[in-house]
Amino acid sequence: MPASQLSSVLTLELGADWKQNFIEFNFKPIASASIGQVHQAHSDDGTKLAIKVQYPGIKQSIDSDVDNVGTLLNVVGLIPKDVDYKGLLDEAKKQLHAEADYLLEAKLLRLFRDYLASSPQFVLPDVRDELTTDNVLAMTYVDGVAIESLVDSNQQTRDRVVTLLLELLFKEIFDFKLVQTDPNFANFLFDERQQKVVLLDFGATRAYDDRISDGYRLAFSAILDDDDDALYRALQQIGFFTQQILPAQRDAVVNLVKLAGEPLKHQGSYDFGASNLAQRISEAGTVISMEQDYWHTPPADALFLHRKIGGLYLLAARLKAKVDVNQLFLPFKLTEVLK
């Protein structure tokens, strides 16, 4: 945003005297994203802040933009006509509207701060309520280096960072039942001085009910127990296989999930850097969708969660991390898979 437009937004959100809240405000953004940009500032008490300001008109354009995506999909014929993806587009609208609600993000950030209050290995910003509105999110500034820059760090540091993030993911799914589903690398920093992981941006956080949480607990437990029947029941509980499906297609999906669970199944530290898992998952998915002519609408809850898992896998591969994923999950494993 040009400085004049930025000033107009801040005037509208914080009042004509908004500058009185700061002893310094940098009009040059220090970060930007699809729906807003972040500015550095100092409050009148000297606290260093990060101020996220939403671009004007974002909320009003979400529905039409997503509808345009649906029209484009129809025009190019990318997805077969018998596939009902309208529900997914509706979910995309809901998610984007949630991400554009900075008061909601502030609430979610406070929730995560509470959940992680006893986890000193993580650092999260603190919300400044008096400067936060639906379109402006004011937080304490948290310093750190880009998470992907740790590729040049020692093996122990890289392993520890990915271990912490995967352990956190299991806690999000099974304990918090609240998952930050955006794995964008920019949402993570590393505080080199304190050797802590910094967590940013909770706009894409999604709540999961017991049905989904328990379904994934059953699925992961079934993978460890080599129980294909239990894995099928778990996927059915999560929301897969709601449409007509042939046994061979069902087995192909189960096998694809088992492939994605390779790090979980592996005994000892899984070497993400030496693995071509992402390529194999992609190839297996292509076989299912093209050769076996299997198309269905996956549950939105699963899509958002799988995006997070896939993103963490990619980060682990980028950092060439070695992590004992099996041991991380064991505290959450079902002691007995119910029939």
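What you see is a predicted model, and the numbers here were worked out from it, not measured in a lab.

J.: Is there a simple way to explain the environment of Q237 in this structure?
T.: Mapped onto the secondary structure, Q237 falls in helix α7 (residues 228-238). Exposure remark for Q237: the relative accessible area of 30% places this residue in the partly exposed category. Setting aside residues no more than four positions away along its own chain, Q237 makes contact with R211, D214 and G215.

J.: Honestly, helix α1 (residues 3-14) in this entry has me stumped. Any pointers?
T.: In an α-helix, one full turn covers 3.6 residues, which means residues spaced three or four apart are oriented alike. A rise of 1.5 Å per residue sets the reference length of α1, with its twelve residues, at 16 Å; its end C-alpha atoms lie 16 Å apart and thus fit the reference within 8%. Inspection of α1 places L6, V9, L10 and L14 among the buried residues, and these make up the whole buried set. Viewed along the axis of α1, the buried residues span an arc of 100°, placing them on a single side of the element. Turned more than 90 degrees off the buried face of α1, the exposed positions are S4 and L12. On its buried side, α1 packs onto β1 (22-25), β3 (36-43), β4 (48-54) and β6 (136-140). Where α1 terminates, the next one or two residues include G15, which has phi positive at roughly 105°.

J.: I keep staring at the sheet that holds strand β10 (residues 196-199) and nothing clicks. Help me out?
T.: Sheet strands associate in pairs through backbone hydrogen bonding, adopting either a parallel or an antiparallel arrangement. The mixed open sheet is built from four strands, whose spatial order is β5-β10-β9-β7. The sheet is open, and its two borders are formed by β5 (122-123) and β7 (145-146), each paired with just one other strand. Relative to strand β9 (residues 188-191), β7 runs antiparallel, the two sharing two bridges. In the strand pairing of β9, A146 is matched with L189. Set on the sheet, helix α5 (residues 155-176) makes contact with β5, β9 and β10; between it and β10 the angle comes to about 45°.

J.: Any chance you could explain the pattern of salt bridges here in plain terms?
T.: Two side chains carrying opposite charge are able to pair once their charged atoms lie near each other. Inspection of every chain in the model, using the stated rule, returns 19 salt bridges. Here E172 ties to K308 by a salt bridge, and the two come within 3.4 Å at their closest N and O atoms. Here the residue E172 occupies a position in helix α5, and K308 occupies one in helix α11 (residues 300-318), the gap between them amounting to 136 residues. Each member of the pair E172 and K308 is classed as buried. Residue R280 pairs with E262 through a salt bridge whose shortest N-O separation is 2.8 Å. Of the two residues, R280 sits in helix α10 (residues 277-291) while E262 sits in helix α9 (residues 262-265), which places them 18 residues apart along the sequence. Judged by its relative accessible area of 26%, R280 falls in the partly exposed class.

So, how was this worked out
Residues numbered from 1 in each chain as written. Predicted model: local features only at pLDDT ≥ 70, side-chain atom pairs only at ≥ 80, totals over all residues. Heavy atoms only, no water. Helix = DSSP H or I, 4+ residues; strand = E, 2+ residues; numbered from the N terminus. Buried < 20%, exposed > 50% of the residue type's maximum accessible area, 1.4 Å probe, protein only. Contact = heavy atoms within 4.5 Å. Expected span 1.5 Å × (residues − 1). Arc of directions from axis to C-beta. Pairing = 2+ DSSP bridges. Axes fitted to C-alpha atoms, helices over the stretch in contact; angles between N-to-C directions. Salt bridge = Lys/Arg side-chain N within 4 Å of Asp/Glu carboxyl O.

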